Structures are given as C-alpha cells and as structure tokens.
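The residues making up each chain are set out below.
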Amino acid sequence: MQVLGTIKGFRAARRDAAGPVGLVPTMGALHAGHLSLVRRARAACSTVALSIFVNPTQFGPGEDLARYPRPIERDLQLAEDAGVDLVFHPSAEEMYPPGFATFIEVGGPASRWEGEHRPGHFRGVATVVAKLLVITTPQQAFFGEKDFQQLTVVRRMAADLALPVEIIACPIVREADGLALSSRNVYLSPAERPHGAALYRALQEGRRRVAAGERQASTIRAAILAVLREAPGVRPEYVAIVEPQSLEPLERIEGPARALIAARLGSVRLIDNVSLADEGLL
Ligand code: PAF
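On a predicted model such as this, the values are computed, not experimentally measured, just so you know. (Residues numbered from 1 in each chain as written. Predicted model: local features only at pLDDT ≥ 70, side-chain atom pairs only at ≥ 80, totals over all residues. Heavy atoms only, no water.)

Trainee: How do you make sense of the packing of helix 8 (residues 198-211) against helix 9 (residues 217-230) when you look at a structure like this?
Mentor: Angle between the axes and distance between the axes are the two parameters that describe a pair of packed helices. Packing of helix 8 against helix 9 leaves a shortest axis separation of 8 Å and a crossing angle of 150°. In terms of axis orientation, helix 8 runs roughly antiparallel to helix 9. Helix 8 and helix 9 meet at a crossing whose hand is right-handed. Together, Ala198, Leu199, Arg201, Ala202, Glu205, Gly206, Arg209 and Val210 of helix 8 and Thr219, Ile220, Ala223, Ile224, Val227 and Leu228 of helix 9 make up the contact between the two elements. (Axes fitted to C-alpha atoms, helices over the stretch in contact; angles between N-to-C directions. Helix = DSSP H or I, 4+ residues; strand = E, 2+ residues; numbered from the N terminus. Parallel < 35°, antiparallel > 145°, perpendicular 65-115°, else oblique. Left-handed = near helix turned anticlockwise from the far one by under 90°. Contact = heavy atoms within 4.5 Å.)

Trainee: Is there a simple way to think about the nonpolar core in this case?
Mentor: The nonpolar side chains of a soluble globular protein tend to be buried with one another. Counting residues in hydrophobic clusters, the biggest one holds 41 residues, and the most contacted among them are Met95, Val129 and Ile167. In terms of residue count, the dominant contributor to this core is helix 6 (residues 121-136) (9 residues). When residues no more than four places from it in sequence are discounted, the contact partners of Val129 are Phe143, Val154 and Met157. The next biggest cluster of nonpolar side chains, apart from the first, holds 33 residues, and it includes Met27, Tyr187, Ala217 and Leu228. (Core = buried A, V, L, I, M, F, W, Y, C linked by side-chain atoms within 4.5 Å. Buried < 20%, exposed > 50% of the residue type's maximum accessible area, 1.4 Å probe, protein only.)

Trainee: Would you mind going over the sheet that holds strand 9 (residues 268-275) with me for this structure?
Mentor: One key point about sheets: their strands pair by backbone hydrogen bonds, in either a parallel or an antiparallel sense. One open sheet holds the 3 strands; their spatial order is 7-8-9, and the pairing between them is antiparallel. Each end of this open sheet is capped by a strand with a single partner; those strands are strand 7 (234-242) and strand 9. Adjacent strand axes in the sheet meet at a mean angle of 15°, parallel and antiparallel pairs treated alike. Sheet topology places strand 7 next to strand 8 (residues 258-265); 8 bridges connect them, and they run antiparallel. Bridge assignment links Val234 to a residue of strand 8, and that residue is Leu265. On the sheet, helix 9 packs against strand 7 and strand 8 and is oriented at approximately 160° with respect to strand 7. (Pairing = 2+ DSSP bridges.)

Below you can see the structure in the form of structure tokens.
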C-alpha cells in the first residue's frame, strides 16, 4: 500500500495503477462502514484508492472540526489490512492552497434538511469530492447510504458536471441495536449510547406503518417522531419523508420514498435514514 500526501505524488502512483480504479473517499476514523465500502471497491476494481482528509470547508462554525478524531496510524493499518492499494492523505494546505477561491454549489437535493441545518456543508462536500475525483480519476466512487443526502448531492453533481465516474451507493452498516456506524459515535457517553438506537427504532416504526398500508406522509412522520421523543435525551432536528432523488417532501407514499432523521443526543448530532417503500413493501 502506498500513502501519498501530495497531488503530484498521487497522480504519479495513479499512472502506474492497474485497471479500473475505485475511490473510497473518507475523513478517516475508519470503522466497519468504511471497510464495507473498501470491500465493495475491492470486489469491483483492480486498484482501490482511499482518501483520508478531514475537510475543513464542510464544517460550520461551532461544529466539531477541531475535535474530529484523526487516528491516522490505526486508519492506515485498517486500510492495509482491507487491501487498499493507494491512500491519498493530503494536508489542508495541499487541498486548499493560499488563494483558493473556487467552490461548487449544488442546488436541488442540497437545499433542504442538512442543507438548512448545516449552511455551507454541501458546498464544502461538493467541492472536496469534485477535487478528489479530479485528482484520483476513479472509474467508480463508493459512498455510504448513511449520509443519504450527501450521496444524492454527489450523484447530482456528478451528473450535472458530466464527471466520468460511476457513483456507487453502499448499504448502511449498523451496530447490533441498530445504531448506524459513524465516526462521530465515539462522542456518545456510555449513558447516552443506548439511546442512539432510537433513530433506527423510529425509522423501523415508519417502515412498519407503510407495510401496514399507511400512505399519508404526515401520519408516518408523526409515528417516527413519537418513537424518537420517547427516548431520553434525544432531541429531533428534523424527520422528513422524501422522494429519494429530489429529496423533496412527499405528501403521500405512492412510490419510492425515504425517511430521513437528524437528532441530537447530548452534544452529538446523529443522522439516519431508511427506504420506506422498497421492493415488495407497497
Ligand atoms: O462522508 C464523508 O466522510 C465526507 O463527507 C467526504 C465524502 C469524504 C467528503 O469530505
């Protein structure tokens, strides 16, 4: 496994790489969710590239940029064990040199939900992902469904800019109690941690309602919120029932639909989502 810290160094290594390249973009603090993306990439591509970069432009003021976990030695060991070929681990100066002034602004699916609660977040995500794609020139790039809105925004950007890459969605990996894996779960205190499973329980209640025949989005949303509110310390930020490509809210569920949640638990902000109407559910 080669670890490259510069764009020039990565490009040189990339030139020698065999066959189709798969990119797994991450901010490090790797967990089983990231490793499932690497496995997917490993199965599909001859060369697997992993980027590890805590991207400052996607953090808002008062967010956790300074305390975001950066266990780089552990990450490199996990990457090597998972069969990664190339790691791109640039500094902030390498990605944002003095005078940097170009950003990508996605409208549409970036506008609501995380876009409203974290202003500027998707501008930072879209910009860094576009730059990572330009540097690494993968045939495929792998994103987890955990950040469903991010996945949708990246897909929109790749389509709109005709980027020559296939965006591959990978399923959420969960703890035994349903909590979606996230690098931020380490912030949960032992007392808070069990209540983190409330998000998944609430989403399951949404699925159960749809499976039982409920089609009114407001009713399903209310059922999800009720489960969230039962959990001690969980403060919902939003619960949305959306069309999965536009992320516009639905009034009734007549086709594909996704439920999205953001909630605070203590000082930690958690997000999660499920498909409400996948095959066989309607
Ligand atoms: O999901 C993440 O870890 C980040 O948002 C990403 C896609 C690596 C961009 O910084």
